[in-house]
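Understanding the architecture of this molecule
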Amino acid sequence: MLVIKGGEKIPKPDIIPTPSFGLNYILGGGLWTGRYHIVWGNPQAGKSTLCFHAAAEAQKLGYTPVIIDAEGSSTDEWMEHCGIDTNNRIVIRSTILEDILNVIMPMFREKDSKYFFIFDSINTIVMEQFYKNDDGMGGIGIYARSQGVLIQKVADELISGVNHCVVFIAQQTIAAKGQYFVTQGKYGNAAYHWATNIVRLNAGDASADVDRDNDERITSRKVTWRIDKSKQRSIQGTKGDYWFSPESAHIDLKREAFHIAVRHGVINKKGAWFEWNGNSYHGADKLVNALSDEDMNLILGQLNELTLNFDSEDIPDE
């Protein structure tokens, strides 16, 4: 419990950057600590990848990543691709709510500890009673209560300080709404109402949204993000996009910055030609490949000084 008296200040959170320039810009730098956030979306959208990159950034700020791998799909190799130092991380593999809480609750209460928790995914975590109910009765009710208990216990620990950050990864489902079927996150009402940010990721399937090698394997895929809810800023409904590699876990900051820079006139576009820093390039790929670290710092610096408009449907042709 945290009691704040008189003129005492509410503790200010740290801000954990994501690997997306657009998301960080819209969120005011990234994900606040002392809160929990939901990342959800369709398969192959790189939900875990986005969160692991954020965990790597959290490590730089002194946080220890704690991955609750309830799907059993995480590997050290993938974490390392995302930048996580695997010598300083904790992995918990279980789907049983009580077992997970027994491990993580003491972590929240460790003096001066700083943890970045990733639940991957919340959909697979359930009370132990679910597995003991052999007659199959009441299973849905247990499943629903499990998420409520998890959210309540985690939320109670988070609101007493800003030393920790929690990200729940949720899967997409299709639900009937009147005459229509809509996509929605597979999480409970409590998770929706109490979450600070809900970020939806959608992996593109159109030919223009994927790059393939000679064997038709996808080497890069466009991911569109959308803010379904935010308590950090008034940004609900904002959307943007970035590209990531499903083979290497690389999220392409250059490509994302290029699109935003062209849209806002930082890079000039004339037909198939692009002008940047006194040089002209025929085709977007040539310019993107030519961008140095110094160029990127200049571009990102100029973008940060502008009021940016994000609209994934308004992207310059390559």
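Residues numbered from 1 in each chain as written. Predicted model: local features only at pLDDT ≥ 70, side-chain atom pairs only at ≥ 80, totals over all residues. Heavy atoms only, no water.

1. Section: the overall build of the protein
- Across its full length, the protein holds ten helices and 15 strands.
- The C-alpha atoms of the protein give 21 Å as radius of gyration, which agrees with the globular expectation for 318 residues (20 Å, within 12%).
- Expressed along its principal axes, the backbone C-alpha trace of the protein runs to roughly 65 × 50 × 45 Å.
- Counting all 318 residues of the protein, 48% fall into the buried class.
- The contacts in the protein between residues at least 6 apart in sequence include a share of 68% that link residues at least 24 apart.
- By element, 48% of the accessible surface of the protein is carried by carbon and sulfur atoms, the whole surface being about 16000 Å².
- Distance between charge centres in the protein, computed from 32 positive and 41 negative side chains, equals 7 Å. (Helix = DSSP H or I, 4+ residues; strand = E, 2+ residues; numbered from the N terminus. Rg over C-alpha atoms; globule rule 2.2 N^0.38 Å. Buried < 20%, exposed > 50% of the residue type's maximum accessible area, 1.4 Å probe, protein only. Contact = heavy atoms within 4.5 Å. Areas by Shrake-Rupley, 256 points an atom, 1.4 Å probe, with all protein chains shown as cover. Lys, Arg positive; Asp, Glu negative; His and termini not counted. Charge placed at Lys NZ, Arg CZ, Asp CG, Glu CD.)

2. Structural notes on the pairing of strand E9 (residues 197–203)
- Counting buried residues along E9, five of its seven residues qualify, which places the element largely inside the surrounding structure.
- Where E9 and strand E11 (residues 218–230) come together, seven bridges link them in antiparallel fashion. Paired with Asn 197 across the bridge in E11 is Ser 230. (Pairing = 2+ DSSP bridges.)

3. As for unusual backbone geometry
- Omega for the peptide link from Asp 120 to Ser 121 comes to 0 degrees, which places this bond in the cis form.
- Its place among the elements puts Ser 121 in the loop between strand E6 (115–120) and helix H5 (129–132).
- Its identity as a non-glycine residue notwithstanding, Asp 112 has a phi of 65 degrees, on the positive side.
- Mapped onto the elements, Asp 112 comes out in the loop between helix H4 (97–109) and E6.
- Of note in this structure, Glu 216 is not a glycine but carries a positive phi near 70 degrees.
- As for its position among the elements, Glu 216 is in the loop between strand E10 (210–212) and E11.
- A relative accessible area of 52% means that Glu 216 is categorised as exposed.

4. Side note on helix H8 (residues 253–263)
- Counting buried positions along H8 gives nine out of eleven residues, so the element sits mostly inside the fold.
- For H8, every residue scored as buried is listed here: Arg 255, Glu 256, Ala 257, Phe 258, His 259, Ile 260, Ala 261, Val 262 and Arg 263.
- N-capping of H8 is provided by Asp 252, with a side-chain oxygen placed 3.2 Å from the backbone N of Lys 254.
- Looking at the residues trailing H8, positive phi occurs at Gly 265, about 80 degrees. (Polar contact = N/O pair within 3.5 Å; in protein donor to acceptor, adjacent residues only side chain to side chain.)

5. Some remarks on the sheet that holds strand E15 (residues 279–282)
- In spatial order, the strands read E13-E14-E15; together these three strands make up an open sheet with antiparallel pairing. One side of each edge strand has no neighbouring strand; the edge strands of this open sheet are strand E13 (268–270) and E15. Neighbouring strand axes in the sheet, compared pairwise and without regard to direction, differ in orientation by 25 degrees on average.
- Note that strand E14 (residues 273–276) and E15 share four bridges and pair antiparallel. If you follow Phe 274 over to E15, its bridge partner there is Tyr 281. (Axes fitted to C-alpha atoms, helices over the stretch in contact; angles between N-to-C directions.)

6. Let's talk about the confidence of the model for the protein
- Summarising the model, the protein shows a mean pLDDT of 89, and 92% of its residues fall at 70 or more.
- pLDDT under 50 marks residues 314–318. Its contacts with residues more than four places away, or in other chains, come to 14 contacts. (pLDDT = per-residue confidence, 0-100.)

7. A closer look at the pattern of salt bridges
- One pass over the full model with this rule turns up twelve salt bridges.
- The salt bridge partner of Arg 93 is Asp 69, with a shortest N-O separation of 2.7 Å. One end of the pair, Arg 93, is in the loop between strand E5 (90–92) and H4; the other, Asp 69, is in the loop between strand E4 (64–68) and helix H3 (76–81), and 24 residues separate them in sequence.
- Overall, Arg 93 belongs to the exposed group, its relative accessible area being 53%.
- Given the relative accessible area of 2%, Asp 69 is considered buried. (Salt bridge = Lys/Arg side-chain N within 4 Å of Asp/Glu carboxyl O.)

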